[in-house]
Amino acid sequence: MKKILLVEDEKNIVLGVSICLRSAGLEVSVAEDGADALKKLETDKPDLVLLDLVMPKLNGLEALQAMKANEATRDIPVIVLSARAQEEDIQRATELGAADYMAKPFRPEELLTVIRRVLKESI
Amino acid sequence: MAQHKRRLPVVSAETVLQSLPEGTIVTDATAAIRFINKRAAEIFDLNPVESIGQLFAAAVGNYSLNKAIHKIIAAGGKCLPEAETKTLNITVGGNERYFKAVVSPLIEEETLVGTVLLFTDVTHYERADRIKNQFVATVSHEFRNPLTSIVLAIELLLAGRQPDLCGENLALAQAISDDAERLTRLVSNLLNFSRMEAGEIKMELERVMVAEMVETAMIPLALQLKAKNIKLRILIPDDLPAVYVDATKATWILTNLVGNAIRYTPEDGEITISACLKEKKIFVSVCDSGPGIHPRYHEKIFEKYTQVKGNGSSGGAGLGLAIAKEIVEAHGGKIWVKSDLGKGACFRFTLPIKEKEELLLEEDSVS
């Protein structure tokens, strides 16, 4: 079973995304901010990260940068989820090594399609 | 008691012009400055005496104003539907200010003798507009998180086909889903428009095939097409040249036009997307079999915040077509609609192609 780390501080989004992923046979762990995400990357060893950009403590782009700078975590694919669907953010996240980008709001099946594609590409 | 009218002292026109709070410049028919009032001299940081006799382009150096002056002169002051209006951003005395500039023909005995330029300070309007745009952008950002959990929750409930979700409960759940989608569309359009108004959207031009754009544009609409069982016909010739556009934005126009077409087309209806090459441009059409649009609204629907009432509209902000128009015009193209009530609507727009000469030059520089 593939493990997904969801990094998101909005509780209701965590609820929806978790149910969506579990119903598709994926295992989910949750981090509430960027700093928590970096810790859980080490302990949970996920196959893929869903990363929100606007978060307390360490924000999404900073967490992504730190993750890509670490040899142990740099190959884990990251899909950025963000309300800030601006072109500069997409560009910045891509430059930092994000595999894909989802603008909020998204439907469950859209999220699953992107996750499946990214997981397939990363094998 | 009889009132005696106070007689005004005789004042010269020049005194009046010098006292105006608006900047005024008069040129002759060779575009040389003949008069400049105090305010205009202050705006452009000019010496009012020295600038007399200088060409406008040399003294002021503003390209678009100079172009407007020459356009009026070339037309002999005739066949101009309206005076040329521009908005200028100028730093006056260290402060950034905005001016509305109107260039009009100066006519004497039915002959064009020059042009008159009038500069009105509109900084306070510009500032208010900028604050409004920022506010709209912030609000639409903030709406996205709650919208995400609503969309996820309701779609999961509907997809799970909960056993107790039937009859009226199912209808209620469907209502939440439909309106969450509508809110999503509203929020995206508001954000796009506020950014476009603020001039934040950059154009990144590339060569792209119309067929590819259509394919990408249809991805987010596949579910809606299926739900209404609408037949989609795509008529694009294989040998159609590539367009030279900002692919993301041009694709957005297609998604928006087809999205509208789906909303207004009845179940089992038909939508046709076609493209052809004409006059060195690509013409793209999106035609539907919906209720059509009364000719009186054909121009108005492209204005922002416009809604045509009583045509089964699904209640948007009236921004989709205004954004489409901005994007098309940013590419130097045109967008319009052909429609009669009861006969469906055909939206058409033009996109540029790269001239052969430009392509050859590019290849040369590569080799």
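Nothing here was measured: the structure is a model prediction, and the numbers come from that model.

Asks: Sorry, what's going on with the pattern of salt bridges here?
Replies: A side chain of one charge can pair with a side chain of the opposite charge if their charged atoms are brought near each other. Taken as a whole, this structure holds 20 salt bridges over all chains when the rule is applied. The closest approach of N and O atoms between E95(A) and R92(A), which form a salt bridge, is 3.7 Å. In this pair, E95(A) and R92(A) are both assigned in helix α4 (residues 87-95), three residues apart and thus about one turn of the helix distant. Of the residues examined, R92(A) reaches a relative accessible area of 35% and is grouped as partly exposed. Of the charged contacts in the structure, one is a salt bridge between R39(B) and D121(B), with a shortest N-O distance of 3.7 Å. Of the two residues, R39(B) sits in helix α2 (residues 38-43) while D121(B) sits in strand β5 (residues 111-121), which places them 82 residues apart along the sequence. Here R39(B) falls in the buried class, since its relative accessible area comes to 18%. Assessed through its relative accessible area of 23%, D121(B) is described here as partly exposed. A cluster of three or more residues bridged by salt bridges with shared partners is formed by R107(A), E109(A), E155(B) and E181(B).

Asks: Any chance you could explain the state of the cysteines here in plain terms?
Replies: Two cysteines form a disulfide when their sulfur atoms are joined by a covalent bond. All names here are of chain B. Per the counting criterion, the structure on display carries one disulfide over all chains. With its sulfur 1.8 Å from that of its partner, C287 forms a disulfide with C346. Looking along the S-S bond of the C287-C346 disulfide, the torsion reads about 100°, which is the right-handed sense. Of this pair, C287 sits in strand β10 (residues 281-288) while C346 sits in strand β12 (residues 345-352), and the two are 59 residues apart along the sequence. By the burial criterion, C287 is buried, and C346 matches it.

Asks: For this particular structure, what's the right way to read the interface of chain A and chain B?
Replies: How big an interface is tends to be stated in terms of the accessible area lost upon association of its parts. If you look at the interface, chain A gives 19 residues, while chain B gives 16 residues. For the interface between chain A and chain B, the tally reads two salt bridges. The salt bridge involving R107(A) is made with E181(B); its shortest N-O contact spans 3.1 Å. There are three residue pairs in polar contact (both at pLDDT 80 or more) connecting chain A and chain B. Counting only elements with at least two residues in the side of chain A that touches chain B, the list comes to α1 (11-23), α4 and α5 (108-122) of chain A. The greatest single-element share of the side of chain A that touches chain B, amounting to six residues, is contributed by α1(A).

Asks: Honestly, the nonpolar core in this entry has me stumped. Any pointers?
Replies: All names here are of chain B. If you look at the biggest cluster of nonpolar residues, it comprises 46 residues, and the most contacted ones within it are V243, L254, F347 and F349. Among the elements that make up this core, the one with the highest residue count is helix α10 (residues 247-264) (eight residues). Those residues in contact with F349 that lie beyond four places of it in its chain are I253, L254, L257, I282, F283, V284, V328, K334, I335 and W336. In terms of nonpolar packing, the next biggest core, distinct from the first, is built from 26 residues, I25, F44, I69 and I90 among them.

Asks: I would appreciate a short explanation of the environment of F56(B) in the present structure.
Replies: Residue and element names in this part refer to chain B. Relative to the assigned elements, F56 resides in helix α4 (residues 56-59). Taking the C-alpha atoms as reference points, F56 and R34, 22 residues apart in sequence, are found 9.6 Å from one another. Not counting residues up to four positions away in its chain, the partners in contact with F56 are I25, T27, A31, A32, I33, G61, N62, L65, N66, I69 and L117.

Asks: Help me understand the sheet that holds strand β5 (residues 100-103) of chain A, please; the structure alone is not making it clear to me.
Replies: Residues and elements named next belong to chain A. Within the open sheet, the five strands sit side by side as β2-β1-β3-β4-β5. Their pairing is parallel. Edge strands, defined here as strands with exactly one partner in the open sheet, are β2 (27-31) and β5. Averaged over all pairs of adjacent strands, the angle between their axes in this sheet comes to 20°, without regard to strand direction. Inspection of the sheet shows strand β3 (residues 48-52) paired to strand β4 (residues 78-82) by four bridges, in the parallel sense. Across the sheet, the residue bridging to L51 is V80, located in β4.

Asks: For this particular structure, what's the right way to read the packing of helix α6 (residues 123-160) of chain B against helix α7 (residues 167-197) of chain B?
Replies: Working note: a packed helix pair is described by the angle between its axes plus the distance between those axes. All names here are of chain B. For the pair α6 and α7, the least separation of the axes is 8 Å and the interaxial angle reads 155°. In terms of their interaxial angle, α6 and α7 are classed as roughly antiparallel. Considering the relative orientation of α6 and α7, their crossing is left-handed. Partitioned by chemical class, the residues of the contact of α6 with α7 number 16 nonpolar, eight polar and five charged.

Asks: Would you mind going over the environment of E212(B) with me for this structure?
Replies: All names here are of chain B. With respect to the helices and strands, E212 occurs in helix α8 (residues 210-218). Since its relative accessible area comes to 46%, E212 is described here as partly exposed. Sequence separation between E212 and T251 is 39 residues; the distance between their C-alpha atoms is 9.1 Å.

Asks: Could you clarify how one ought to interpret the side chain of T24(B) in this entry?
Replies: Residues and elements named next belong to chain B. Its place among the elements puts T24 in strand β1 (residues 23-28). Classification of T24 as buried rests on a relative accessible area of 3%. Discounting residues that sit within four places of it in the chain, T24 has contacts with L17, F35, I36, N37, A40, V116, L117, L118 and F119.

Asks: Is there a simple way to explain α5(A) in this structure?
Replies: A turn of α-helix holds 3.6 residues, and therefore any two residues three or four places apart point the same way. All names here are of chain A. In a regular helix each residue adds 1.5 Å, so 15 residues correspond to 21 Å; α5 covers 21 Å between its end C-alpha atoms and thus fits that length. Within the span of α5, buried status applies to P108, L111, L112, V114, I115, V118 and L119. For α5, the buried positions fall inside an angular range of 165° around the axis, keeping them on one side. Residues R116, K120 and E121 are exposed on α5 and point more than 90 degrees away from its buried face.

Asks: Is there a simple way to explain the sheet that holds strand β11 (residues 335-339) of chain B in this structure?
Replies: Strand pairing in a sheet is mediated by backbone hydrogen bonds. Such pairs are either parallel or antiparallel. Residue and element names in this part refer to chain B. An order of β7-β9-β10-β12-β11 is seen for the five strands of this open sheet, with the pairing classed as mixed. Edge positions in the open sheet fall to β7 (231-235) and β11, since each of these has one partner strand only. Within this sheet the neighbouring strands show an average axis-to-axis angle of 15°, counted without direction. Taken together, the eight bridges between strand β9 (residues 270-278) and β10 define a ladder with antiparallel strand orientation. Residue pairing in the sheet places A275 in a bridge with V284 of β10.

Each value, and the rule that gives it
Residues numbered from 1 in each chain as written. Chains lettered and ligands numbered in written order. Predicted model: local features only at pLDDT ≥ 70, side-chain atom pairs only at ≥ 80, totals over all residues. Heavy atoms only, no water. Salt bridge = Lys/Arg side-chain N within 4 Å of Asp/Glu carboxyl O. Helix = DSSP H or I, 4+ residues; strand = E, 2+ residues; numbered from the N terminus. Buried < 20%, exposed > 50% of the residue type's maximum accessible area, 1.4 Å probe, protein only. Disulfide = S-S within 2.5 Å. Contact = heavy atoms within 4.5 Å. Polar contact = N/O pair within 3.5 Å; in protein donor to acceptor, adjacent residues only side chain to side chain. Core = buried A, V, L, I, M, F, W, Y, C linked by side-chain atoms within 4.5 Å. Pairing = 2+ DSSP bridges. Axes fitted to C-alpha atoms, helices over the stretch in contact; angles between N-to-C directions. Parallel < 35°, antiparallel > 145°, perpendicular 65-115°, else oblique. Left-handed = near helix turned anticlockwise from the far one by under 90°. Nonpolar A, V, L, I, M, F, W, Y, C, P; charged D, E, K, R; others polar. Expected span 1.5 Å × (residues − 1). Arc of directions from axis to C-beta.

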